[in-house]
There are 2 protein chains.
Amino acid sequence: MSADLKSYLTQRVAFVDAALDRFVPAAETRPVTIHKAMRHSLFAGGKRLRPILCLAAAEACGGSLENALYAACAVECLHTYSLIHDDLPCMDDDDMRRGVPTCHKVYGEAMALLAGDALQALSFELVAQTPVTHRHSPAAMVLELARTAGSLHLVGGQVADLEGEGRKLPLEDLRYIHESKTAALLASSVKLGGMSADAQLDQVQALHDFGMATGLAFQIIDDILDVTQTTEKLGKSAGKDLASEKSTYPALMGLDASRDEAHRLTEKARQALEVFGPNGYWLHQMADYLLKRDY
Amino acid sequence: MSADLKSYLTQRVAFVDAALDRFVPAAETRPVTIHKAMRHSLFAGGKRLRPILCLAAAEACGGSLENALYAACAVECLHTYSLIHDDLPCMDDDDMRRGVPTCHKVYGEAMALLAGDALQALSFELVAQTPVTHRHSPAAMVLELARTAGSLHLVGGQVADLEGEGRKLPLEDLRYIHESKTAALLASSVKLGGMSADAQLDQVQALHDFGMATGLAFQIIDDILDVTQTTEKLGKSAGKDLASEKSTYPALMGLDASRDEAHRLTEKARQALEVFGPNGYWLHQMADYLLKRDY
């Protein structure tokens, strides 16, 4: 990572963290436990990729950080709620996340369930406060976020993932899971940033394409790295390893075709940014940061 | 119940059910299981009190049923999500509700968790689609619903209830639980109906007062009936029974004072409706239906 990008990210993380701290009720607010639980997961060391992409998209459209801040914090609250619920015993049953005990390990299952529920509500409370622009109302932004959060995207992807466990999925299903669980919220993050900045419709479309391509490419690269790292680590033949893997892009279409697909999507993400000219600089940098891995 | 009110309720339930059926993805929509699970709980025989109150409030303010319908369905989705999560094993662990197996008994815990999550998202997707009026934007309605759903009201009341289990609570805490868990969503239901009908600010305030007073009175009457029914059933002295009860209004302030409080609140709810004149007819009828019990 360039020193330039590093200092950009550091500054943006601090900006987002300060806003989240203002927007979430203080830990002393009654009922105290729920606010402690919400803050435990919200301030557990997240990289704030979604809010930073949201802010960068707003700037790419000539908007202000201030107007994009509600949406930026909203997508982080929504992301955090989904992690808390994913970690619950009835879901992935994870004890640790980023080196910190998960919400239910510290506060119990009931409180973690409720902390996730409250963070989802908070995400809509925040995005609804975005100042209206000429082209976009805060209600249209709520609609965008709610559809992404609902049964056809985020929750739907989680369901398809759960139901696909232990089975070899058709590529189409795996793509649906990756797009729904990861790419949809990335796309919404940049679209909401653009909408807060009064983006023209072709800019919103470009941000959508950028977010979907970046999200899917990121997930495919993750799949590739999982397989190649496993192969090296276990010293087994790649073919055998692929056969025993859970559904991943390399397992379903092979390593070479997966790399081609990741390249194609990365290129698509970059092309989508052309409409922004030099204002798309930080979105370019973020995409490079997310996608330039040795795969 | 009068034949008049009975036919009114029957007609309104059908109206709300038809709208919900249109707004929720069909059971065949992928991923199929989540939509079946959402529909299982949404169509499990609810009385639709909140949406009917929402529609009645819109009419009291001279508005149309059509414009209030998004908010009406939104409050029912929010209510249903909260029931699904309340019934989960880590919460109240209930197997049955209204004679039907709870969502997690039919679809498993993970799917019930996700069905609740998706219904919360859907409630915001719906309310955000309310047509804008002169005085109220759909974003303001989202804000109203999100605050009611969040850590200071619905979720907050649930937390206080959980934490108060097995302890004798101060009256102030019990009132907080009743107001947060029951009254806040009733108040939001009528306020949102009013907002969809371009209600003046004093009308919105009157609907708020009506909803809070009705919700709290309803809950106190429930508490009273629990105690008096128990006393009769067990044949124990009321004093002993009160002492062993979990925190209820009669346990904390005695039966007579509880009845006085319920009377006072019922009167307050009726007075709040005066501003609507004859247009408040069905809100009056609904309040009578909810509060005219022999307590």
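Residues numbered from 1 in each chain as written. Chains lettered and ligands numbered in written order. Predicted model: local features only at pLDDT ≥ 70, side-chain atom pairs only at ≥ 80, totals over all residues. Heavy atoms only, no water.

(A) How the structure looks around a negative patch on the surface. A cluster of acidic residues, A:Asp92, A:Asp93, A:Glu109, A:Glu165, B:Asp92, B:Asp93, B:Asp94, B:Glu109 and B:Glu165, forms a negative patch on the protein surface. Mapped onto the secondary structure, A:Glu109 falls in helix H6 (residues 109-127). (Patch = residues over 30% accessible without salt bridge, like charges linked within 9 Å, V, L, I, M, F, W, Y side chains within 5 Å. Areas by Shrake-Rupley, 256 points an atom, 1.4 Å probe, with all protein chains shown as cover. Salt bridge = Lys/Arg side-chain N within 4 Å of Asp/Glu carboxyl O. Lys, Arg positive; Asp, Glu negative; His and termini not counted. Charge placed at Lys NZ, Arg CZ, Asp CG, Glu CD. Helix = DSSP H or I, 4+ residues; strand = E, 2+ residues; numbered from the N terminus.)

(B) Molecular detail of the pattern of salt bridges. Residue and element names in this part refer to chain B. Inspection of the entire model under this criterion finds 36 salt bridges over all chains. A salt bridge links Asp161 to Lys181, with the shortest nitrogen-to-oxygen separation between them at 2.8 Å. Highlighted residues: Asp161 in helix H8 (residues 154-164) and Lys181 in helix H9 (residues 171-196), separated in sequence by 20 residues. Between Glu261 and Arg175 there is a salt bridge, with its nearest N and O atoms 3.6 Å apart. Separated by 86 residues along the polypeptide, Glu261 in helix H13 (residues 255-272) and Arg175 in helix H9 bring together distant segments of the chain. The exposure class assigned to Glu261 is buried, which follows from its relative accessible area of 13%. The class of Arg175 is partly exposed, set by a relative accessible area of 30%. (Buried < 20%, exposed > 50% of the residue type's maximum accessible area, 1.4 Å probe, protein only.)

(C) Inspection of the relation of the copies chain A and chain B at higher detail. With an RMSD of 0.0 Å, chain A superimposes on chain B once it is rotated by 180 degrees and translated 0.0 Å along the axis. Here the two chains are linked by the operation of a two-fold rotation axis. Among all residues of chain A, the minimum C-alpha distance to the rotation axis is found for A:Ala139, at 2.4 Å. Comparing contact sets, 100% of the residues at the interface of chain A also lie at the interface in chain B, consistent with an isologous, same-surface contact. (Least-squares fit on C-alpha atoms with pLDDT ≥ 70 in both. Contact = heavy atoms within 4.5 Å.)

(D) Representation of the interface of chain A and chain B. If you look at the interface, chain A gives 45 residues, while chain B gives 45 residues. Both sides of the chain A and chain B interface together cover about 3,700 Å² of buried area, and 70% of this is carbon and sulfur. Run the count over chain A and chain B and you get six salt bridges. Our enumeration of links across chain A and chain B arrives at 12 residue pairs in polar contact (both at pLDDT 80 or more). (Buried area = accessible area lost by both parts, 1.4 Å probe. Polar contact = N/O pair within 3.5 Å; in protein donor to acceptor, adjacent residues only side chain to side chain.)

(E) The state of the cysteines, seen in detail. A complete count under the given rule lists zero disulfides over all chains for this structure. As a non-bridged cysteine, B:Cys54 has B:Cys73 as the owner of its nearest cysteine sulfur, 8.8 Å distant. A residue is classified by how much of its surface remains accessible, and B:Cys54, at 0% relative accessible area, is buried. In this structure B:Cys90 is not part of a disulfide, and its nearest cysteine sulfur, from A:Cys90, lies 7.2 Å away. What makes B:Cys90 partly exposed here is its relative accessible area of 23%. (Disulfide = S-S within 2.5 Å.)

(F) The side chain of A:Thr182, seen in detail. For A:Thr182, the position within the fold is in helix H9 (residues 171-196). Beyond its immediate stretch of four places on either side in the chain, A:Thr182 contacts A:Ile177, A:Gly215 and A:Gln219.

(G) Representation of helix H1 (residues 3-23) of chain A in the model. Residues and elements named next belong to chain A. Given a rise of 1.5 Å per residue, 21 residues ought to cover 30 Å, and the 30 Å separating the end C-alpha atoms of H1 matches this to within 8%. Residues of H1 that are buried include every one of Leu5, Tyr8, Leu9, Arg12, Val16, Ala19 and Leu20, and no others. Take H1 and look down its axis: the buried residues cluster within an arc of 100 degrees, on one side only. In H1, the exposed positions angled more than 90 degrees off the buried face are occupied by Ala3, Lys6, Thr10 and Arg22. (Expected span 1.5 Å × (residues − 1). Arc of directions from axis to C-beta.)

(H) Just helix H2 (residues 32-42) of chain B, in detail. For H2(B), a buried count of nine out of 11 residues is recorded, marking the element as mostly surrounded by other parts of the structure. The complete set of buried residues in H2(B) reads B:Thr33, B:Ile34, B:His35, B:Ala37, B:Met38, B:Arg39, B:His40, B:Ser41 and B:Leu42. Those residues of H2(B) that are buried lie in contact with helix H8 (154-164) of chain A together with helix H1 (3-23), helix H4 (65-87), strand S2 (100-101), helix H5 (103-107) and helix H6 (109-127) of chain B.

(I) How the structure looks around the packing of aromatic side chains. Throughout the structure, instances matching the rule amount to seven aromatic pairs over all chains. For the ring pair A:Phe23 and A:Tyr70, a centre distance of 5.3 Å and an interplane angle of 25 degrees mean the geometry is stacked. Of this pair, A:Phe23 sits in helix H1 while A:Tyr70 sits in helix H4 (residues 65-87), placing them 47 residues apart in sequence. Taking 4.6 Å as the distance between ring centres and 20 degrees as the angle between the ring planes, the aromatic pair formed by A:Phe124 and B:Phe124 counts as stacked. (Phe/Tyr/Trp six-rings, centres within 6.5 Å; stacked < 30°, edge-to-face > 60°.)

(J) Examining the nonpolar core more closely. The biggest cluster of nonpolar side chains holds 186 residues, and the ones touching the most others in it are A:Phe124, A:Leu145, A:Phe210, A:Leu283, B:Leu145, B:Phe210 and B:Leu283. Not counting residues within four places of it along the chain, the set of residues in contact with B:Leu283 comprises B:Leu53, B:Ala56, B:Ala57, B:Ala60, B:Val190, B:Leu207, B:Phe210 and B:Leu273. (Core = buried A, V, L, I, M, F, W, Y, C linked by side-chain atoms within 4.5 Å.)

(K) Highlighting the packing of H8(B) against H9(B). All names here are of chain B. Contact geometry of H8 with H9 gives a least axis separation of 8 Å together with a crossing angle of 145 degrees. The way H8 lies across H9 gives a crossing that is left-handed. For the pair formed by H8 and H9, the contact residues are Leu154, Gly156, Gly157, Gln158, Ala160 and Asp161 on the first element and Tyr176, Ile177, Ser180, Lys181 and Leu185 on the second. Classifying every residue of the contact of H8 with H9 by side-chain character gives five nonpolar, four polar and two charged. (Axes fitted to C-alpha atoms, helices over the stretch in contact; angles between N-to-C directions. Left-handed = near helix turned anticlockwise from the far one by under 90°. Nonpolar A, V, L, I, M, F, W, Y, C, P; charged D, E, K, R; others polar.)

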